[in-house]
Amino acid sequence: MSSKVQKGILILSIILFIYCLFSIQFNVYHFAVVGAIYEILWLPMLLLFVFIPIISLIHLFKSKISIRSYPIYSIVMIIATFLLIYFTYKPKL
């Protein structure tokens, strides 16, 4: 597939990582505008979290699993995002 599509997927996975990091590190509801933007973006980010690994794996196998391909870095970013969420999320009891 196109290198531009693979770069776009990588950029989206980086944006997803930054979104999760921002929402964990800061109180997004401190300011109403930031909280509203966070609430608007949570569903698209959740869908990206599900579909980016699938699309990246498809592109990875089509590019014959090259270590220099963008889908590998995208998968690494998604794994980093998952680990960030898994190890830093503290449910309120």
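Summary of the structure given here. Since the structure is predicted, the reported quantities are computational estimates derived from the model, not experimental observations.

**Points about the layout of surface pockets**
Consideration 1: Put simply, the largest pocket is a space of about 680 Å³.
Consideration 2: Lining the largest pocket are 20 residues, with Cys-20, Ser-23, Ile-24, Tyr-38 and Tyr-89 positioned closest to its centre.
Consideration 3: Counting residues per element, the ones that place at least two in the lining of the largest pocket are helix 1 (3-25), helix 2 (32-62) and helix 3 (70-88).
Consideration 4: Split by residue class, the lining of the largest pocket holds 15 nonpolar, three polar and two charged.

**Some points on the packing of helix 2 against helix 3**
Consideration 1: Running from amino to carboxyl end, helix 2 crosses helix 3 at an angle of 150°, the nearest separation of the two axes being 9 Å. With respect to their mutual orientation, helix 2 and helix 3 come out roughly antiparallel. The way helix 2 lies across helix 3 gives a crossing that is left-handed. Where helix 2 abuts helix 3, its residues Phe-49, Ile-52, Pro-53, Ser-56, Leu-57, His-59 and Leu-60 lie against Pro-71, Ile-72, Ser-74, Ile-75, Ile-78, Thr-81 and Phe-82.
Consideration 2: Residues belonging to the contact of helix 2 with helix 3 are distributed by class as follows: 10 nonpolar, four polar and no charged.

**Section: the side chain of Ser-74**
Consideration 1: You can see Ser-74 is positioned in helix 3.
Consideration 2: For Ser-74, a relative accessible area of 1% puts it in the buried group.

**Looking at helix 3**
Within an α-helix, residues lying three or four positions from one another point in the same direction, as the helix has 3.6 residues per turn.
Consideration 1: Helix length check: helix 3 (19 residues) gives 27 Å between terminal C-alpha atoms against 27 Å at 1.5 Å per residue, within 8%.
Consideration 2: The inward-facing, buried residues of helix 3 contact helix 1 and helix 2.

**What to know about the environment of Ile-72**
Consideration 1: Position of Ile-72 among the secondary structure elements: in helix 3.
Consideration 2: Judged by its relative accessible area of 18%, Ile-72 falls in the buried class.
Consideration 3: Separated by 12 residues in the primary sequence, Ile-72 and Leu-60 place their C-alpha atoms 6.8 Å from one another.
Consideration 4: Sequence-distant contacts of Ile-72, defined by excluding residues within four places in its chain, comprise Leu-60, Ser-66 and Ile-67.

Conventions we followed
Residues numbered from 1 in each chain as written. Predicted model: local features only at pLDDT ≥ 70, side-chain atom pairs only at ≥ 80, totals over all residues. Heavy atoms only, no water. 1 Å grid on protein atoms, 1.4 Å probe; cavity = no way out; pocket = protein on both sides within 12 Å on 5 of 7 lines; lining within 4 Å. Points joined across faces, edges and corners; volume = space filled by probe spheres on them. Helix = DSSP H or I, 4+ residues; strand = E, 2+ residues; numbered from the N terminus. Nonpolar A, V, L, I, M, F, W, Y, C, P; charged D, E, K, R; others polar. Axes fitted to C-alpha atoms, helices over the stretch in contact; angles between N-to-C directions. Parallel < 35°, antiparallel > 145°, perpendicular 65-115°, else oblique. Left-handed = near helix turned anticlockwise from the far one by under 90°. Contact = heavy atoms within 4.5 Å. Buried < 20%, exposed > 50% of the residue type's maximum accessible area, 1.4 Å probe, protein only. Expected span 1.5 Å × (residues − 1).

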